[in-house]
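Close look at the chain arrangement
What follows is the residue order along each chain.
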Amino acid sequence: MNFRSTRGLEYGVDSTRAIINGISKDGGLYVPDSFPNIYKLLRNKKEFSYEELAFEIIREYFTDIHDKELIEAINEAYNDRFQIKVHNNFLELYHGPTCAFKDAALLFLPQIMKRAKKVCNKKEEIVILAATSGDTGKAALEGFKDIEGFKVVVYYPKKGVSAIQERQMITQKGDNVKVIGINGNFDDAQRFVKQMFGDNDFKEELLKQGFLLSSANSINIGRLVPQIVYYFYGYFNLVIKGVIKQGDKINVVVPTGNFGNILASYYAKQMGLPIDKFICASNENKVLTDFFNSGIYDKRRELVLTESPSMDILVSSNLERLLFEASGRNPEIIKDLMNSLSENGVYEINDEMKKFMKEFYGGYATTEEVHDAIREVYEKDNYLMDTHTAVGYVVKKKYQLETNDTKEVLIASTASPFKFPRSICEALKIPNDKIDDFEVLKKLSEITKNNIPDGLANLSQYQIIHNEVCDRSEMKKILLSYLGIEG
Ligand SMILES: *Cc1c(COP(=O)(O)O)cnc(C)c1O
């Protein structure tokens, strides 16, 4: 399989190169030349372990890595570290070391990158730069820590992540990791990271010093492809349980930020998986809701800090990949739209692209709706949803009310409720003022009789290792000094 840039400059790129580069030289994102329809083949096999299914799907894309190597990568990534559970309609993607769905992709990415590096015969040390709105950072740190030939540098908005998320990152061990808080929001952090990737002179300079810049954000195709597996796994699970018959169409609901996870579900459909509608759920940063309703993407608004911080995003990078498909794979259109976005903060897609978007439904949930939903589901089913998942749940209900569509749904459940315990307590009206986040965690566990997941249980006792905070203007300087390079 070859990959090409959504902006047209590069094509015929091997998967290993696409993975190592992260983003194309022209600023575009790598997309596969085609989507192999393997649902037809997979549907005949009865049961898969997650690892087996991952192998069947990923091998279609990363064809320049030997099967044996790929199996090793998958096993090293997932064995005993990650699993998916399906509870009713909830596709629980958060049973991994950091308790959020990004684990699945970010445990795999280092393993595939390590092997891609060998295939490409790259001798340089790879520097993973990541901007995080809370979960990516920790998952990248866990995935890449102490992997030889890699360094990880994570920037997070000092005031834009939860106390638990922050503590997870600043207590990160490993000889090759650096975590930096910034005085700014997620988009500031992401803009910086994108700027570094887009600065070819800077990258040349680093290369001379023996460093190769790459990304762990979901723009990396090595992170996107393993996410396709979730939807196949969830679908087959519904079949096994007898909820649907093989071949029945379902809808998927995805609480969305950077548009990576929902795009993976769209890719799954291109591979034949019977999905009808994609329900794109946003919090009060409802740029995508407005986009799916009007065809106009307008980021000119204030970022709202919500209780689902991993979705507090105004520029959803992976939407570019969907636009590419919607445009009939026309890079000229994509370049125009992306120029308009960076120059004017807004773009409008043409009528044909608007028609294409009919498979998507955009909706959003307010904080109040999220709290009500968490309480309702807990009281009704004794089931705890986190704030991100609850956004999905609210939007699912709105969709069903509006359309009377009764197809089965899978709701991507993206984080453990224990990652956001204060919000959950607020929702359940459990008093939580005057106690710190870690006591809130305990209280929530005691009252709801749910165990705190391993990764969070002893967090408050871990030593804080990273306490650097900087302004936007200093982000580059700090990176260079960490790498031991004069600015
Ligand atoms: C990252 C994240 C999301 C958003 O996923 P995207 O792929 O960026 O759309 C949703 N929920 C949680 C908990 C996350 O960590």
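Everything numeric in this text was worked out from a predicted model, so none of it was measured. (Residues numbered from 1 in each chain as written. Predicted model: local features only at pLDDT ≥ 70, side-chain atom pairs only at ≥ 80, totals over all residues. Heavy atoms only, no water.)

**Some details on the pairing of strand β5 (residues 90–95)**
Of all six residues in β5, five are buried, a share of seventy percent or more. Direction of pairing for strand β4 (residues 83–87) relative to β5: antiparallel, over a ladder of four bridges. Looking at the pairing, K85 lines up with E92 of β5. The pairing of β5 with strand β15 (residues 409–413) spans three bridges and is classified as parallel. Note that in β15 the partner of L91 across the bridge is A412. (Buried < 20%, exposed > 50% of the residue type's maximum accessible area, 1.4 Å probe, protein only. Helix = DSSP H or I, 4+ residues; strand = E, 2+ residues; numbered from the N terminus. Pairing = 2+ DSSP bridges.)

**Digging into the pattern of salt bridges**
Within this structure, the stated rule accounts for 32 salt bridges. A salt bridge links E142 to K145, with the shortest nitrogen-to-oxygen separation between them at 3.1 Å. With relative accessibility at 14%, the residue E142 sits in the buried group. Here K407 and D276 are joined by a salt bridge, their closest N and O atoms 3.0 Å apart. Taken together, the positions of K407 in the loop between α17 (387–403) and β15 and D276 in strand β11 (residues 275–282) put the pair 131 residues apart, joining distant regions of the chain. On the basis of relative accessibility, which here comes to 18%, the residue D276 falls in the buried class. (Salt bridge = Lys/Arg side-chain N within 4 Å of Asp/Glu carboxyl O.)

**Re the sheet that holds β15**
With mixed pairing, the six strands of this open sheet are ordered in space as β4-β5-β15-β10-β11-β14. Strands with a single pairing partner mark the edges of an open sheet, and in this sheet they are β4 and β14 (360–364). When the angles between neighbouring strand axes are averaged without regard to direction, this sheet yields 25°. In the packing of helix α10 (residues 221–240) onto the sheet, the strands contacted are β4, β5, β10 (250–255) and β15, and the crossing angle to β15 comes to about 135°. (Axes fitted to C-alpha atoms, helices over the stretch in contact; angles between N-to-C directions. Contact = heavy atoms within 4.5 Å.)

**So, the packing of aromatic side chains**
The geometry of an aromatic ring pair comes down to the distance between the two centres and the angle between the two planes. All told, the structure shown has 30 aromatic pairs when counted by the stated rule. Their ring planes at 20° and their centres at 6.3 Å tell us that F90 and Y393 sit as a pair that is stacked. Of this pair, F90 sits in strand β5 while Y393 sits in helix α17, and the two are 303 residues apart along the sequence. Each member of the pair F90 and Y393 is classed as buried. Centre to centre, the rings of F278 and F360 are 4.8 Å apart; their planes meet at 25°, and the pair counts as stacked. (Phe/Tyr/Trp six-rings, centres within 6.5 Å; stacked < 30°, edge-to-face > 60°.)

**A look at the site of the ligand**
Around the ligand, the surrounding shell holds 15 residues, and the nearest of these are K102, D135, G257, N258 and T414. Residue G260 places a main-chain N or O atom 3.2 Å away from an oxygen atom belonging to the ligand. Here an oxygen atom of the ligand sits 3.5 Å away from a polar atom, N or O, in the side chain of S310. Taken by itself the ligand offers 380 Å² of open surface, and the protein chains cover 99% of this. (Near = heavy atom within 4 Å. Polar contact = N/O pair within 3.5 Å; in protein donor to acceptor, adjacent residues only side chain to side chain. Areas by Shrake-Rupley, 256 points an atom, 1.4 Å probe, with all protein chains shown as cover.)

**Re unusual backbone geometry**
Notably, N88 is not glycine yet its phi reads approximately 50°, a positive angle. Counting through the fold element by element, N88 comes out in the loop between β4 and β5. In this structure, F259 is a non-glycine residue whose phi angle is positive, near 70°. On the secondary structure map, F259 appears in the loop between β10 and α11 (260–270).

**Digging into the domain arrangement of the chain**
Looking at the assigned domains, one finds that the chain contains domain 1 (123–217 + 453–487), domain 2 (222–419) and domain 3 (421–452). On a C-alpha basis, the centroid separation for the pair domain 1 and domain 2 is 27 Å. Taken together, the contact pairs 18 residues of domain 1 with 14 residues of domain 2. Of the roughly 1300 Å² buried where domain 1 meets domain 2, counting both sides, 47% is carbon and sulfur surface. Looking at the side of domain 1 facing domain 2, the largest losses of area belong to S133, D135 and D187, adding up to 29% of the total buried there. Inspection of the region where domain 1 meets domain 2 yields one salt bridge. Between K419 and D135 there is a salt bridge; the shortest N-O distance is 2.6 Å. In this assembly, domain 1 and domain 2 are joined by seven residue pairs in polar contact (both at pLDDT 80 or more). Of all the secondary structure elements, the ones that give two or more residues to the side of domain 1 that touches domain 2 are α6 (135–144), α7 (163–170) and α8 (186–198). With four residues, α8 is the largest single contributor of residues to the side of domain 1 that touches domain 2. (Domains from an automatic or database assignment. Buried area = accessible area lost by both parts, 1.4 Å probe.)

**Considerations on the side chain of H466**
Of note, H466 is situated in the loop between α20 (454–457) and β16 (468–470). Among the polar contacts listed, one links the side chain of H466 to the backbone oxygen of Q172, at a separation of 3.1 Å. If we ignore the near neighbours within four places in the chain, the residues touching H466 are M169, I170, Q172, V177, K178 and V179.

**Regarding the environment of I180**
Along the chain, I180 falls in strand β8 (residues 177–182). What makes I180 buried here is its relative accessible area of 0%. Placed 112 residues apart in sequence, I180 and F292 show a C-alpha to C-alpha distance of 35 Å. Every residue in contact with I180, bar those within four places of it in the chain, is listed here: V153, V154, Y155, Y156, E468, C470 and I478.

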